[in-house]
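# Structural overview for review
Listed below, chain by chain, are the residues.
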Amino acid sequence: METYSAPAKIILFGEHAVVYGEPAIAAPFKALQAQVTAMPAPPGSGLSIISAASGLTLHVSLDDGTPDDALVYAAQLVLKALDKPPPDLTLALRSSIPIGGGFGSSAAVSTALMRALSAALGAPLSGEALNSLVYEAERLHHGTPSGVDNTVIVYEQPVYFVRGTPPETFRIGAPLTFLVADSGVSASTRETVSDVRQLYMRDQARYGAIIGEIGDVVRTARALIESGGAPRELGALMNANHDLLRALSVSSAHLDRLCAAARDSGAYGAKLSGGGRGGSLIALVEPDLAPSIAAALRSAGAAQTWLMQLT
Ligand code: PMV
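The text that follows walks through the structure, step by step, so that each part is easy to find. These figures come from a predicted structure and were not determined experimentally.

Analysis parameters
- The residue numbers shown here count from 1 along each chain, following its written sequence.
- pLDDT decides what is reported in this predicted model: residues at 70 or higher carry local features, side-chain atom pairs at 80 or more are listed and counted, and totals for whole chains, interfaces and linings draw on all residues regardless.
- Working from all heavy atoms in the structure, the side-chain values ignore hydrogens and water.
- Secondary structure follows DSSP: runs of H or I at least 4 residues long count as helices, runs of E at least 2 residues long count as strands, and numbering of each begins at the N terminus.
- In this treatment the radius of gyration is a C-alpha quantity, and the globule benchmark scales as 2.2 Å times the residue count to the 0.38 power.
- Exposure categories follow from relative accessible area, calculated using a 1.4 Å probe and restricted to protein chains: below 20% of the type maximum is buried, above 50% is exposed, and the middle band is partly exposed.
- Here, residues are in contact when the closest pair of their heavy atoms is within 4.5 Å.
- Cavity means a closed set of points on a 1 Å grid over the protein atoms alone, one where a 1.4 Å probe fits but cannot get out, pocket means an open set with protein on both sides within 12 Å along at least 5 of 7 lines, and lining means a residue has an atom within 4 Å of a point.
- Grid points are joined across faces, edges and corners, and a volume is the space filled by probe spheres set on the points.
- Side-chain classes follow a simple rule in which Ala, Val, Leu, Ile, Met, Phe, Trp, Tyr, Cys and Pro form the nonpolar group, Asp, Glu, Lys and Arg form the charged group, and the remainder, Gly included, forms the polar group.
- Source of the domain bounds: an automatic or database domain assignment.
- Side-chain atoms within 4.5 Å link the members of a nonpolar core, which is a set of buried Ala, Val, Leu, Ile, Met, Phe, Trp, Tyr and Cys residues.
- Pairing between two strands is assigned when DSSP locates at least 2 bridges connecting them.
- Working definition: residue near molecule or strand if any one of its non-hydrogen atoms lies within 4 Å of it.
- Polar contacts, as counted here, are pairs of nitrogen or oxygen atoms within 3.5 Å of one another; within protein the pair requires one atom able to donate a hydrogen and one able to accept it, and residues that are adjacent in sequence qualify only if both atoms are side-chain atoms.
- The rule for placing a molecule in a cavity or pocket is simple: more than half of its atoms must lie within 2 Å of the grid points.
- Think of each axis as a best-fit line through the C-alpha atoms, taken over the contacting stretch in the case of a helix, with angles from 0 to 180 degrees between the N-to-C directions.

### A look at the overall build of the protein chain
The number of helices and strands found in the protein chain is nine helices and 10 strands. Computed over its C-alpha atoms, the radius of gyration of the protein chain comes to 20 Å, within 12% of the 19 Å expected for a compact globule of 311 residues. Relative to its 311 residues, the protein chain shows a buried fraction of 54%. Sequence separation of at least 24 residues holds for 73% of the intrachain contacts in the protein chain that already meet a minimum separation of 6.

Structure (structure tokens):
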């Protein structure tokens, strides 16, 4: 029995605008993980996936077109890419990543599952092959994913990501401490991405300008992170990014309240992270203030908080 895992991810800057070709900065968030254990199954029993969260057992065959279930689809993609029939194998999945939480849960689950299945078939996928298969699986969840989630999760490194170009890593000039919070509200990224698309189609000049401004914030943030610049300035950029995401309609009263609670209790800046309307947020903090800011976030309604160091 072998277990394969993949981390969650956090978008630091640039979500939504990244779908339109602007850059985003994202990092793996290793406190949360998806794990898949591959166990041999009796001859003739075929391939099944057991999900601890739902308690369901799913059977994978190659004949059912595109299935509704993303786990089955992810397994089929691997079998087709490797040109193999379903083996006699049980894949047991468990994950500590909240679903709909802006943590890239779907990409992490697909990554762990594809790693386990390809290894069990004796043909572990390379990073590049895995990344493109996970992207393909993401299309079932997200419609038009930018590719940022799968890239960060597969390569497990902070990236500066521009859709359609090879991911760039970047230097972190001085360590940064973030508080990550789960708003406790689950939200659909597919829906927020499609709502932004509708706004953009209705008024390209206005929404295109907001998207371009987010791109400027991300480019400035990268330069600041690389130079180890003042956290106060980086925090101001996070606040600006949050305001621009509000203008794209993807924040919520609850997320705004949580960001305000973090800033009022001493965070340098705070913004929603991921698809929005719920999901997660991040705040840039001085390490010694982290406990009191985390407490403020929880009393403002955050379900959970974690510390994340970028070094
Ligand atoms: O909600 P998440 O964690 O899947 O993040 C989605 C990021 C978006 O920019 C909103 C969509 C995308 O495909 O990049």
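### A short note on the layout of surface pockets
Size it by volume and the largest pocket reaches roughly 820 Å³. Taken together, 44 residues make up the lining of the largest pocket; nearest its centre are Gly 100, Ser 105, Ser 106, His 141 and His 142. Only β1 (2-13), α1 (70-82), β5 (89-95), α2 (105-120), α3 (127-142), α4 (148-155) and α5 (189-202) provide two or more residues apiece to the lining of the largest pocket. Ranked by residue count, the leading element in the lining of the largest pocket is α2, at four residues. Among the residues forming the lining of the largest pocket, the class breakdown is 17 nonpolar, 20 polar and seven charged. Both domains that meet at the lining of the largest pocket, namely domain 1 (2-161) and domain 2 (176-310), each give it at least three residues. Of the pockets and cavities examined, the second largest pocket occupies roughly 250 Å³.

### Here we look at the nonpolar core
Counting residues in hydrophobic clusters, the biggest one holds 95 residues, and the most contacted among them are Phe 13, Leu 91 and Met 114. A per-element tally of this core places helix α6 (residues 204-227) first, with nine residues. The residue makeup of this core includes at least three contributed by each of domain 1 (2-161) and domain 2 (176-310). Apart from residues no more than four positions distant in its own chain, Met 114 is found in contact with Ala 74, Leu 77, Val 78, Leu 125, Leu 130, Leu 133, Val 134 and Ala 137. Counting residues in hydrophobic clusters, the runner-up holds nine residues, among them Ala 24, Ala 26, Val 148 and Val 152.

### Quick look at the pairing of β1
When you tally the buried positions in β1, you get nine out of 12 residues, the bulk of the element. One ladder, built from 11 bridges, connects β1 with strand β2 (residues 24-40); its direction is antiparallel. Bridging from a neighbouring strand, Tyr 4 pairs with Val 36 of β2.

### Describing the site of the ligand
Around the ligand, 18 residues are found, and the nearest of them are Lys 9, His 16, Ser 146, Thr 189 and Gly 275. Here His 16 contributes a backbone N or O atom positioned 2.9 Å from an oxygen atom of the ligand. The backbone of Gly 275 places a nitrogen or oxygen atom 2.9 Å from an oxygen atom of the ligand. Taking a 2 Å distance to the grid points as the criterion, the majority of the atoms of the ligand fall inside the largest pocket. Secondary-structure elements contributing two or more residues to the shell around the ligand are β1, α4 and α5.

### Some remarks on the sheet that holds strand β8 (residues 269-273)
With antiparallel pairing, four strands are arranged side by side in an open sheet as β8-β9-β7-β10. Each edge of the sheet is formed by a strand with only one pairing partner; in this case those strands are β8 and β10 (304-310). Looking at each pair of strands side by side, their axes are set apart by 25° on average, direction ignored. The sheet contact formed by β8 and strand β9 (residues 280-285) spans five bridges and is antiparallel. Counted as the bridge partner of Leu 272 is Leu 281 from β9. Docked against the sheet, helix α7 (residues 231-247) engages β7 (176-182), β8 and β9, running at close to 40° with respect to β8.

### Quick notes on empty space enclosed by the protein
A complete count under the given rule lists one cavity of 30 Å³ or more for this structure. The computed volume of the largest cavity comes to approximately 40 Å³. As for the largest cavity, its lining consists of Gly 100, Gly 101, Gly 102, Ala 187, Thr 189, Ser 273, Gly 274, Gly 275, Gly 276, Gly 278 and Gly 279. Classifying every residue of the lining of the largest cavity by side-chain character gives one nonpolar, 10 polar and no charged.

### Re the side chain of Asn 131
In this structure, Asn 131 sits in helix α3. Assessed through its relative accessible area of 11%, Asn 131 is described here as buried. Setting aside residues no more than four positions away along its own chain, Asn 131 makes contact with Asn 150, Thr 151, Val 154 and Tyr 155.

### Some words on unusual backbone geometry
Unusually for a residue other than glycine, Asp 83 sits at a positive phi of about 55°. Positionally, Asp 83 belongs in the loop between α1 and β5. The phi angle at Arg 277 is positive, at roughly 65°, despite the residue not being glycine. Looking at the secondary structure, you find Arg 277 in the loop between β8 and β9.

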